[in-house]
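Tertiary structure, described
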Amino acid sequence: MMIIRRSQRHEGERLIAIWCRSVDATHDFLSAQDRADIEVQVRAFLPEAPLWVAVDDNDVPVAFMLLSEHHLEALFVDPDARGTGVGRKLVEHALSLIPDLTTDVNEQNAQAVGFYQKMGFVVTGRSETDDHGRPYPLLHLRYCGASSPESA
């Protein structure tokens, strides 16, 4: 049974490992330098962040998300846990807290775009660069419900 709970400080290295493995499996569009630079930022931030984690039967994190106000800032699933419904469970948890949830996703990450669309998110805008000005376009998404029209 998958449990969702708040992260604990001692889990920092495990959460960074999830981020690294997830990014390496899904973000092949990143340049090697950008990947390294982003990891430095993540290592400085992630262990202290107020995350929600999905844990396995042994209480070991397999995925995490970061929420702020009405926005899903981050969702990362360990590649070994992909396809188990853990990402869906985290998003459903976020929606139980924030029904008008928004998020951004790298346009080049087709798997993530498809996942969010399947979950009921629609594209409401696009940015040519990521939040740090790097050349990775972002799609801005808003939750409209699984049966909502596919337009913003």
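The rules we used
Residues numbered from 1 in each chain as written. Predicted model: local features only at pLDDT ≥ 70, side-chain atom pairs only at ≥ 80, totals over all residues. Heavy atoms only, no water. Salt bridge = Lys/Arg side-chain N within 4 Å of Asp/Glu carboxyl O. Helix = DSSP H or I, 4+ residues; strand = E, 2+ residues; numbered from the N terminus. Buried < 20%, exposed > 50% of the residue type's maximum accessible area, 1.4 Å probe, protein only. Expected span 1.5 Å × (residues − 1). pLDDT = per-residue confidence, 0-100. Contact = heavy atoms within 4.5 Å. Core = buried A, V, L, I, M, F, W, Y, C linked by side-chain atoms within 4.5 Å.

**Observations concerning the pattern of salt bridges**
- Taken as a whole and judged by the stated rule, the model has 13 salt bridges.
- For R43, the salt bridge is made with E39, and the minimal N-O distance between the two is 2.8 Å. Taken as a pair, R43 and E39 lie in helix α2 (residues 32-45) at a separation of four residues, close to a single helical turn.
- E39 gets classed as buried once you look at its relative accessible area, which sits at 17%.
- D130 serves as the salt-bridge partner of R134, at 2.8 Å between the closest nitrogen and oxygen.

**A word on helix α3 (residues 86-97)**
- Look at α3: 17 Å from first C-alpha to last across 12 residues, which is about the 16 Å you get at 1.5 Å a residue.
- When we look at burial in α3, the residues that qualify are V86, G87, L90, V91, A94 and L95.

**Details of the confidence of the model for the protein chain**
- Scored by pLDDT, the protein chain has a mean of 93; 95% of the residues are at 70 or more.
- Here residues 148-152 scores under 50 on pLDDT; set against residues more than four positions off or in separate chains, the count is seven contacts.

**Details of the nonpolar core**
- Ranked by internal contacts, the top residues of the largest apolar core, which has 25 residues, are M65, L67, L72, V91, L101 and Y116.
- Those elements giving two or more residues to this core turn out to be β2 (51-55), β3 (61-68), β4 (71-77), α3, α4 (110-119) and β7 (138-143).
- The leading source of residues in this core is α3, at five residues.
- Within the second largest apolar cluster, 20 residues are counted, among which are L15, I18, F29 and L30.

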